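What follows is the residue order along each chain.
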Amino acid sequence: MRLVRPSEEWEREHKAYVEEWGPDRMVPSSFSLAGFDSYDAYLVELGKRESGTGQWLPCTNYFLVNDRKRIVAMVDIRHELNDHLYRVGGHIGYGVRPSERKKGYATLILAMALEKCKELGIEKVLVTCDEDNIGSAKVILANGGIEDKPELNTDEKVTRRFWIALGNGGDNDARS
Ligand SMILES: CC(C)(COP(=O)(O)OP(=O)(O)OC[C@H]1O[C@@H](n2cnc3c(N)ncnc32)[C@H](O)[C@@H]1OP(=O)(O)O)[C@@H](O)C(=O)NCCC(=O)NCCS
């Protein structure tokens, strides 16, 4: 299994994943292809988003790909926290292809994303989930999450918040 960055090489696989995901809101939303005229247009927009243009803070997106070049999960890593991310979004968002769930891939992609966070120098990683997302809470706990106080998201739903210390020293949970 490996993490790869979105590029034209993955267009077909990405589209197949989105099709399998169906009409539910894509998680993470940065992998949604809705509203783009072409895959190139999506990649251009993603590039802007990743470099932290406009409303976006810098982030990096990865697909988790198996040996048969099938995308099984997706993750985005936000390099910093603003107020919204501090309260509900967190540093990392991930989703697993519906047909690939309950095989340990979310646990794996979060572990691999934490390695990327280490390389970025993030010392304390915030990962969140909806109160009713039992699977995601298990994934975060399996990766060493320590629960902090919950917050209400914009839909008035309770968001559980967990910190994962990466042992780089210091304290890096400040908002930008
Ligand atoms: C939540 C989600 C990421 C879990 O992915 P996954 O690959 O199935 O998770 P894993 O296989 O690593 O499972 C980890 C644990 O959670 C459990 N689990 C997974 N989905 C579950 C569910 N729907 N209900 C209860 N437990 C669940 C697994 O059985 C496993 O438990 P175990 O460690 O006791 O064996 C996936 O269902 C998904 O993509 N959901 C939609 C998007 C989403 O919610 N993303 C997370 C946003 S915070």
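Summarised in this report is the structure supplied together with it. Note that this is a predicted model, so its numbers are computed, not measured.

**Some points on the layout of surface pockets**
Stage number 1. Estimates place the volume of the largest pocket at around 1600 Å³.
Stage number 2. Counted by class, the lining of the largest pocket contains 17 nonpolar, 17 polar and 14 charged residues.

**Describing unusual backbone geometry**
Stage number 1. Of note, the bond from Val27 into Pro28 is cis; its omega dihedral lies within 30 degrees of zero at -5 degrees.
Stage number 2. Inspection of the secondary structure assignment puts Pro28 in the loop between helix H1 (11-21) and helix H2 (39-50).
Stage number 3. Residue Lys69 is not a glycine yet carries a positive backbone phi of 60 degrees.
Stage number 4. In the Ramachandran plot, Glu156 falls in the positive-phi region, its phi being about 65 degrees despite a non-glycine side chain.
Stage number 5. Checked against the element boundaries, Glu156 lands in the loop between strand S6 (146-152) and strand S7 (158-165).

**What about the side chain of His14?**
Stage number 1. Considering the arrangement of structural elements, one finds His14 in helix H1.
Stage number 2. The residues touching His14, leaving out its near neighbours within four places in the chain, are Phe31, Leu33, Tyr39, Tyr42, Phe63, Ile71 and Met74.

**Description of the environment of Glu100**
Stage number 1. Tracing the backbone through its elements, the reader meets Glu100 in the loop between strand S4 (92-96) and helix H4 (105-120).
Stage number 2. With relative accessibility at 7%, the residue Glu100 sits in the buried group.
Stage number 3. The spacing of Glu100 and Ala73 is 27 residues in sequence and 8.1 Å in space, taken between C-alpha atoms.
Stage number 4. Setting aside residues up to four positions removed in sequence, Glu100 forms contacts with Arg70, Val72 and Tyr105.

**Some details on the side chain of Arg97**
Stage number 1. Inspection of the secondary structure assignment puts Arg97 in the loop between S4 and H4.
Stage number 2. Looking at Arg97, its side chain comes within polar contact range of the main-chain oxygen of Ile71, at 2.9 Å.
Stage number 3. Setting aside residues no more than four positions away along its own chain, Arg97 makes contact with Glu13, Ala16, Tyr17, Glu20, Arg70, Ile71, Val72 and Ala73.

**What about the sheet that holds S7?**
Stage number 1. One open sheet accounts for 3 strands, arranged S5-S7-S6; its pairing is antiparallel. Strands at the two margins of the open sheet, each flanked by one partner only, are strand S5 (124-130) and S6. Shown here is a sheet whose adjacent strand axes are inclined to one another by a mean of 30 degrees, direction ignored.
Stage number 2. Relative to S7, S6 runs antiparallel, the two being bridged by 5 bridges. Residue pairing for S7: Glu151 is matched across the bridge by Thr159.

Here is what the cut-offs are and how they apply
Counting from 1, residues in each chain are numbered in the order their sequence is written. Only residues with pLDDT of 70 or above have their local features reported here, since the model is predicted, and side-chain atom pairs are shown and tallied only from 80 upward, although totals for entire chains, interfaces and linings are computed over all residues. The side-chain figures draw on all heavy atoms in the structure; neither hydrogens nor water molecules are used. Throughout, the protein atoms alone are placed on a 1 Å grid, and a set of points is a cavity if a 1.4 Å probe fits but cannot get out or a pocket if it is open with protein on both sides within 12 Å along at least five of seven lines; lining residues have an atom within 4 Å of a point. Grid points are joined across faces, edges and corners, and a volume is the space filled by probe spheres set on the points. Lys, Arg, Asp and Glu make up the charged group, whereas Ala, Val, Leu, Ile, Met, Phe, Trp, Tyr, Cys and Pro make up the nonpolar group; the residues left over, Gly among them, are polar. Only runs of H or I of at least four residues qualify as helices and only runs of E of at least two qualify as strands under DSSP, and these elements are numbered from the N terminus. By definition in these notes, contact holds between two residues if any of their heavy atoms fall within 4.5 Å. Note on classification: 1.4 Å probe, protein chains only; a residue is buried when its accessible area is under 20% of the maximum for its type, exposed when over 50%, partly exposed between these limits. Under the rule applied, a polar contact is a pair of N or O atoms within 3.5 Å (in protein, one hydrogen donor and one hydrogen acceptor; residues adjacent in sequence only if both atoms are side-chain atoms). A pair of strands is treated as paired once DSSP finds two or more bridges between them. Inter-axis angles, ranging from 0 to 180 degrees, are taken between N-to-C directions of lines fitted to C-alpha atoms, where helices are fitted over the stretch in contact.

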